Amino acid sequence: MDNASNLSTAESGGAIETRGIEPVPDHERHGRVRELFPTWVAANISVLLLTMGAALVVFNKLNFWQVLIVAACAALASFGMVGVLSVSGKWGGAPGAMLSRATFGVRGNLFPGAILWVARFGWETINAVTGAYAVLTVLDLVLGIKSNTPLIVITLFAFVACTFLVSGMGRKALNVCNKWSTYLFGIFSVLVLVYLIANIKWDDVFSKPAGTTAMMIAGIGTIAAGGISWVPTGPDFARYLPHAASGKKIVGATISGAGLVMVPMVLMGGVMAVATPDLAEAPDPVSFLGDILPTWLAVPYLITAIVGMLLINSLSMYSAGFTAQTMGVKLPRAMAVSINAIISLVGGLLLMLVAKSFLSSFITFLILLAVSFSAWIGVYAVDMARRKSRAVRYDAEALMDTGRTSRYWYVGGFCWQAMTAWTVALAAGISFTQCDWFTGPLASTFVGKYGLGWAATIAISALIMAVLPTPREVPAADAAGAAADDSERVKVGA
């Protein structure tokens, strides 16, 4: 039996969560579906959405109505998947990285888990950098302090440290923070929207010609990439829900929470880009707000955005701690989070002090992020669909067992069907990809030109997983017998 269960205890009645990757027992399932709404609102409180909306206008050449359609489709597609796969969290009461042991096998899960973990580092680094830039902008607007290298280092360190502290407190603290940040950010977003309505030259906005369908489709993939990155961690926030919680309500709360922020933020970014065409090409993703908005509005808006980005990274690090434990890091969840914090700090310094263009690095990262997560999504979704009709969807004891006695040992610790589907789909997705860093051999095809590599990756992984023979789980008694036989053979051989 895996000794990871000894690393953390059950969730206490206090604010700090001590439970790690072990499944939540039924008597501790006191969560409410409505708690997911502010969670996914907070997960999207980022000024990066403004920059991405601006990029749709400046780079993709889309008009107002096309940006609106792209934002709505991206929110529905990406967080629709987050909501659907989050249902498995209430089934198994465990984080997504843990439940996927049942999909890929005890050992097989390490491979997609490693890629998801690395991708999570990148996302946390991007958010940390954006938060640091927001702090620097506030210091400039309020105190007239200009950015310099020592200040960049101090600001980034402070942001990452705060993220680490909040994420280490766990689910209860995050729920409280998410609730109040939702209210504050909503108030100031409305004020920004009112200001834009009153001051933007709307004739210029609505007179902009429409872009091509290809650029719309590509834009959906770019905007959806952020939501796609949350899919494997969706179960993490639903694991405290009771079994009776409505799956439809879980999906509804997820989509509505994310869409409430995602759609207007992207649209506002597109509108701002008409007034300030160089917005999407700014050296950082935040300082433009000081040029577009008056100081009395820009400062409080940026402060609430800083809190929002702090929560986004806290949610991400919260889940990353589970991934680290699932990968075999023998530390409590709160300590495992420290690994991500250190990597975010180092990566953030490189991005702020060495990289020449924040936006190009960010867009490239989003493209690769979507593909890397999509291969996991297709396989996991098919496996989840098969479990829907089972009386026991996930075996809590087997999930914690990393030995041959585990129900999810399959063949040598690998579910060869899931591993085959994941590997082929990941290779195909990369082949369809074109970005600043490289061009895949299939990037010139229809899928590559339209930026549909992420969608193709999901479809390929799901199709292969569906047509291959259904994996056979080993009942506990059979697994124990097989392990005993292996042990006996070793003794005889000796």
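All values derive from a computational prediction rather than experimental measurement.

A.B. asks: Looking at this structure, I do not really get the packing of helix 3 (residues 64–92) against helix 10 (residues 213–228). What am I missing?
C.D. replies: Helix-helix packing: each pair is described by the crossing angle between the helix axes and the interaxial distance. Across the interface, helix 3 lies against helix 10 with an axial gap of 8 Å and an inter-helix angle of 40 degrees. Of the possible angle classes, the one that applies to helix 3 and helix 10 is oblique. As helix 3 runs across helix 10, the sense of the crossing is right-handed. For the pair helix 3 and helix 10, contact is made by Gln66, Ile69, Val70, Cys73, Ala74, Ser78, Phe79, Met81 and Val82 and by Met216, Gly219, Ile220, Ile223, Ala224, Gly227 and Ile228, respectively.

A.B. asks: Where do I start with the nonpolar core in this structure?
C.D. replies: Side chains of nonpolar character tend, in soluble globular proteins, to be buried together. Core analysis: the largest hydrophobic core is formed by 136 residues, its most contacted members being Trp40, Trp230, Leu289 and Tyr301. Residue contributions to this core peak at 15 residues, all from helix 15 (residues 358–387). If we skip the residues at most four places from it in the chain, tyrosine 301 touches Leu50, Phe185, Phe188, Ser189, Val192, Met265, Met268, Leu289 and Leu293.

A.B. asks: Please clarify how unusual backbone geometry should be interpreted in this entry.
C.D. replies: Glycine aside, a negative phi is what most residues show, and trans is what most peptide bonds show. A positive phi angle, close to 60 degrees, is found at lysine 61, a residue other than glycine. Mapping lysine 61 onto the fold places it in the loop between helix 2 (48–58) and helix 3. A positive phi angle, near 55 degrees, is found at tyrosine 410, a position not held by glycine.

A.B. asks: Where do I start with the pattern of salt bridges in this structure?
C.D. replies: It is possible for side chains bearing opposite charge to pair when their charged atoms get close. By the definition in use, this model includes 6 salt bridges. A salt bridge links aspartate 395 to arginine 407; its shortest N-O distance comes to 3.8 Å. With aspartate 395 in the loop between helix 15 and helix 16 (396–400) and arginine 407 in the loop between helix 16 and helix 17 (416–431), this pair connects stretches of sequence that are 12 residues apart. Close ionic contact of glutamate 473 with arginine 407 constitutes a salt bridge, the shortest N to O distance being 2.8 Å. Of this pair, glutamate 473 sits in the loop between helix 19 (453–467) and helix 20 (476–493) while arginine 407 sits in the loop between helix 16 and helix 17, and the two are 66 residues apart along the sequence. Using a relative accessible area of 25% as the deciding quantity, one classes arginine 407 as partly exposed. Among the charged side chains, a salt-bridge network with shared partners connects Asp383, Arg387, Arg390, Asp395, Arg407 and Glu473.

A.B. asks: Looking at this structure, I do not really get the packing of aromatic side chains. What am I missing?
C.D. replies: Working definition: an aromatic ring pair is given by the centre-to-centre distance plus the angle between the planes. According to the stated counting rule, one finds 11 aromatic pairs in the structure shown. Taken together, a centroid distance of 5.6 Å and an interplanar angle of 85 degrees make the contact between tryptophan 40 and phenylalanine 237 edge-to-face. A residue pair is termed long-range when its members are at least 10 positions apart, and tryptophan 40 in helix 1 (residues 36–42) and phenylalanine 237 in the loop between helix 10 and helix 11 (247–275) qualify at 197 residues. Arranged with centres 4.9 Å apart and planes meeting at 90 degrees, the rings of phenylalanine 64 and tryptophan 65 form a pair that is edge-to-face. Looking at phenylalanine 64, the relative accessible area reads 14%, which means it is buried. Taken together, the ring pairs in this structure connect Trp40, Phe79, Trp230 and Phe237 into an aromatic cluster.

A.B. asks: Teacher, can you tell me more about helix 11 here?
C.D. replies: The periodicity of an α-helix, 3.6 residues per turn, causes residues three or four positions apart to be oriented the same way. For helix 11, with 29 residues, the first-to-last C-alpha span of 43 Å sits near the 42 Å given by 1.5 Å per residue. Approximately 35 degrees is the largest bend angle found in helix 11, and it occurs at glycine 259. Capping the start of helix 11 is the job of one residue whose side-chain oxygen sits 3.3 Å from the backbone nitrogen of lysine 248: serine 246.

A.B. asks: Please explain the environment of valine 135 as it appears in this structure.
C.D. replies: By secondary structure assignment, the location of valine 135 is in helix 6 (residues 110–143). The exposure class of valine 135 is partly exposed, given its relative accessible area of 25%. Taking the C-alpha atoms as reference points, valine 135 and leucine 156, 21 residues apart in sequence, are found 9.0 Å from one another. When residues no more than four places from it in sequence are discounted, the contact partners of valine 135 are Thr155 and Ile306.

A.B. asks: Hey, could you run me through a nonpolar patch on the surface in this one?
C.D. replies: Together, Val153, Ile342, Val346, Leu350, Leu353 and Val354 give the surface a local cluster of nonpolar side chains, amounting to about 530 Å² of exposed area. Residue contributions to the nonpolar patch peak at 4 residues, all from helix 14 (residues 333–353). With respect to the helices and strands, the residue leucine 353 is situated in helix 14.

A.B. asks: I tried to follow the confidence of the model for the protein chain on my own but got confused; where do I start?
C.D. replies: Low pLDDT marks stretches whose predicted atomic positions should not be read closely. Confidence in the prediction for the protein chain averages 82 pLDDT; 81% of positions are at 70 or higher. Segment residues 1–16: pLDDT under 50, and 42 contacts once partners within four positions in sequence are set aside and those in other chains are kept. Note that pLDDT drops below 50 for residues 482–494; the model gives that stretch 3 contacts with residues more than four away or on any other chain.

A.B. asks: What is the right way to look at the packing of helix 2 against helix 11 in this model?
C.D. replies: The N-to-C vectors of helix 2 and helix 11 enclose an angle of 50 degrees; their axes lie 6 Å apart at closest approach. Taken together, the axes of helix 2 and helix 11 lie oblique to each other. Where helix 2 crosses over helix 11, the two elements pack in a sense that is right-handed. Residues Leu49, Leu50, Gly53, Ala54, Leu56, Val57 and Val58 of helix 2 form the contact with helix 11, whose participating residues are Met262, Met265, Val266, Met268, Gly269, Gly270, Ala273 and Val274. Tallied by class, the residues present in the contact of helix 2 with helix 11 amount to 12 nonpolar, 3 polar and no charged.

Parameters at a glance
- Residues numbered from 1 in each chain as written.
- Predicted model: local features only at pLDDT ≥ 70, side-chain atom pairs only at ≥ 80, totals over all residues.
- Heavy atoms only, no water.
- Axes fitted to C-alpha atoms, helices over the stretch in contact; angles between N-to-C directions.
- Helix = DSSP H or I, 4+ residues; strand = E, 2+ residues; numbered from the N terminus.
- Parallel < 35°, antiparallel > 145°, perpendicular 65-115°, else oblique.
- Left-handed = near helix turned anticlockwise from the far one by under 90°.
- Contact = heavy atoms within 4.5 Å.
- Core = buried A, V, L, I, M, F, W, Y, C linked by side-chain atoms within 4.5 Å.
- Buried < 20%, exposed > 50% of the residue type's maximum accessible area, 1.4 Å probe, protein only.
- Salt bridge = Lys/Arg side-chain N within 4 Å of Asp/Glu carboxyl O.
- Phe/Tyr/Trp six-rings, centres within 6.5 Å; stacked < 30°, edge-to-face > 60°.
- Expected span 1.5 Å × (residues − 1).
- Bend = angle between axes of the 7 residues up to and from the residue.
- Polar contact = N/O pair within 3.5 Å; in protein donor to acceptor, adjacent residues only side chain to side chain.
- Patch = residues over 30% accessible without salt bridge, like charges linked within 9 Å, V, L, I, M, F, W, Y side chains within 5 Å.
- Areas by Shrake-Rupley, 256 points an atom, 1.4 Å probe, with all protein chains shown as cover.
- pLDDT = per-residue confidence, 0-100.
- Nonpolar A, V, L, I, M, F, W, Y, C, P; charged D, E, K, R; others polar.

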